[in-house]
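Tertiary structure, described
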Amino acid sequence: MSLLVVGLSHRSAPVSVLERASLNADAQSKLLQDTVAAEPAAEAALLATCNRIELYADVDKFHAGVAELSTLLAQHSGVGLDELTPYLYVHYEDRAVHHLFSVACGLDSMVVGEGQILGQMKDSLARAQDLHTAGRLLNDLFQQALRVGKRAHSETGIDRAGQSLVTFGLEQLAAGADVRTWARGKKALVIGAGSMSSLAAATLARAGIAEIVVANRTFERAERLARILTEGDDTDVLARAVPMDAVPAELTRADVAVSCTGATGLVLTADAVAASVEGRTGAPAAVSADDAARPVAAAGPAEARRGAETPLPGAGDENCPLDLSSVPTGFSVMGEAAVAGMDAATLEQHGAWAAGGTAVDRPREAGRPGPEADAELIGALAATAASVGRIPERRRPEPVAEVPRPQPVLFLLDLAMPRDVDAAVHRLTGVRLVDIESLAEASADAPMAADVDTVRRIVADEVAAFGAAQRAAHITPTVVALRSMAADVVAGEIARLEGRLPGLDDKHRAEITQTVKRVVDKLLHAPTVRVKQLAAEPGGAGYADALRTLFDLDQETVASVSRTENSTEKNRGPA
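Described below are features of the structure shown in this document. (Residues numbered from 1 in each chain as written. Predicted model: local features only at pLDDT ≥ 70, side-chain atom pairs only at ≥ 80, totals over all residues. Heavy atoms only, no water.)

In this section: the pattern of salt bridges. Opposite charge on two side chains allows them to pair when their charged atoms are near. A full pass over the atoms with the stated rule returns 21 salt bridges. Note that Arg-240 and Glu-211 form a salt bridge whose closest N and O atoms lie 3.1 Å from each other. Here Arg-240 is found in strand β7 (residues 238-243), whereas its partner Glu-211 is found in strand β6 (residues 211-216), with 29 residues between them in sequence. Exposure remark for Arg-240: the relative accessible area of 31% places this residue in the partly exposed category. With a relative accessible area of 14%, Glu-211 lands in the buried category. (Salt bridge = Lys/Arg side-chain N within 4 Å of Asp/Glu carboxyl O. Helix = DSSP H or I, 4+ residues; strand = E, 2+ residues; numbered from the N terminus. Buried < 20%, exposed > 50% of the residue type's maximum accessible area, 1.4 Å probe, protein only.)

One open sheet accounts for four strands, arranged β2-β3-β1-β4; its pairing is antiparallel. The open sheet terminates on both sides in strands that have one partner only, identified here as β2 (41-49) and β4 (89-92). Pairwise comparison of adjacent strand axes, ignoring direction, gives a mean angle of 15° for this sheet. In the sheet, strand β1 (residues 3-9) pairs with strand β3 (residues 52-59) via seven bridges, with the strands oriented antiparallel. Bridge assignment links Gly-7 to a residue of β3, and that residue is Glu-54. (Pairing = 2+ DSSP bridges. Axes fitted to C-alpha atoms, helices over the stretch in contact; angles between N-to-C directions.)

Let us look at the layout of surface pockets. In this structure, the largest pocket encloses a volume near 1,100 Å³. Leu-23, Gln-28, Ala-48, Thr-261 and Gly-262 are, among the 36 residues lining the largest pocket, the residues nearest its centre. Of all the secondary structure elements, the ones that give two or more residues to the lining of the largest pocket are α2 (25-37), β2, β3, α6 (116-130) and α10 (195-207). Take the lining of the largest pocket: its biggest share by element is six residues, from α6. (1 Å grid on protein atoms, 1.4 Å probe; cavity = no way out; pocket = protein on both sides within 12 Å on 5 of 7 lines; lining within 4 Å. Points joined across faces, edges and corners; volume = space filled by probe spheres on them.)

Judged by pairing direction, the sheet is parallel, and its six strands sit side by side in the order β7-β6-β5-β8-β9-β10 without closing on themselves. If you trace the sheet from one side to the other, it starts and ends with β7 and β10 (431-434), each paired once. Taking each pair of neighbouring strands and ignoring which way they run, the sheet shows an average axis angle of 15°. Relative to β7, β6 runs parallel, the two being bridged by six bridges. Bridge assignment links Glu-211 to a residue of β7, and that residue is Leu-238.

Quick look at the packing of aromatic side chains now. For the structure shown, the criterion picks out four aromatic pairs. An angle of 80° between the planes, with centres 5.6 Å apart, marks the rings of Tyr-56 and Phe-142 as edge-to-face. On the criterion of sequence distance, the pair formed by Tyr-56 in strand β3 and Phe-142 in helix α7 (residues 136-155) is long-range, its members being 86 residues apart. Here the two residues Tyr-56 and Phe-142 agree in accessibility, since each one is buried. Relative to Phe-466, the ring of Phe-101 lies with its centre 5.9 Å away and its plane at 75°, an arrangement referred to as edge-to-face. In this pair, Phe-101 is assigned in helix α5 (residues 94-104) and Phe-466 in helix α19 (residues 451-500), connecting sequence segments 365 residues apart. (Phe/Tyr/Trp six-rings, centres within 6.5 Å; stacked < 30°, edge-to-face > 60°.)

Next comes the structure, spelled out in structure tokens:
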């Protein structure tokens, strides 16, 4: 087994990079085809979700495989290789198996324990099979990953460690309130009719939403989803379908909108959302005071919580040892709290920067001395640091009171990658937007259940079992070739016997033939069983070579058995 995975996910890359690297269905198919056409790869499968892009391949050379898969990911995503490389991770052989099994169990998900990844993994295998890029290794791998994921969910309480991304997103929209209480009586607009949108619609229906409107570019799919929602036994929601051009009007009526499409551009711009809020309330959805000074391009949930009433010093000033871009409003970059923890040399550098007056544009508190006094203070602190090593205590800045935002009248959940909703919507008053980026931030602090440890043990056991099975399977073509050669020897000797004894009747001929076969089978049974056991152990790959050498087996015969098995595996459907 030479399994290699190269990929990036919410754990390794910022959402902005994941968004740019996302692939549509056509690009995914082309990537798989180009991968198997490349020299190092014999098989390929792609797991592409809203928060991960992972390319799996059976390669004959590790370094060449990493280089080729990384290059192909960069080419098809449109993100330059130099820019993409720092965010890529690589797993090989057993570590690659462990990674996929962990993903299948929800251990690597943004929301730990969510089970939606199993459906996405099943779709990935089906795509690779349809394109004939999955052979024996990847068929076995993904089939087993699906079984491991199902086992983890059935044998443990991993489901309690987290919810689906949809449920988690709705909880964030509800901002701590009970989702059912928050949703009761509201009207929802669901944009898209794929698996994620369907899950969102069903979740909203079960939460007690009063009405769901489904919009999709293919109107028939929107109608189908609306019909399923209406006919569901566990809900009594009103559902109807509309074409995509009706979204602006429906957004004005909606309390909640969930969007998850495969569009490459924005589905809801900030202007469209602002217009819908104004159409609903009669008042414009102004940019909040907290965000007025922040550029639109930088808008995001993390920045939305940081005030921007006053400009920070220029982040490009190379003479300041502080990371000015991360300094919160209300925190003096030249006070004692800022320099606490610096050593003497860094303090002197900071003092020289302060004396230069670089930060004179930053408003000061009443009665606060000027930059010269700051420089003197820093100089004194430097002298202290020179004797004791560093200023030992870092005091936290005083908290800055935030201006409360008005209660939202429109709740938006964007589950698409790349995003469907303009990030600038975070800045609009009267709107609460939860997207993949804000979900990633919120889930970082989510509690994990004790069952996670049990799932990790399941994964470790299953990885060991899968590796043993693959190593044992590796020797199977050689064993089959050996038994085939033995059968040919028996057939040849029986034919030679018939030539010497032409008067041999059928009864005796059959008895002699059966006796010779039993002798050969008994001679081969113990060594072939034992060699399979030895080959299943770590480091047992050399036993196949030893068997071929000892019995002088034809390499082409062994290879033909392998090709037949691979051809059969490529046509096998997903579990």
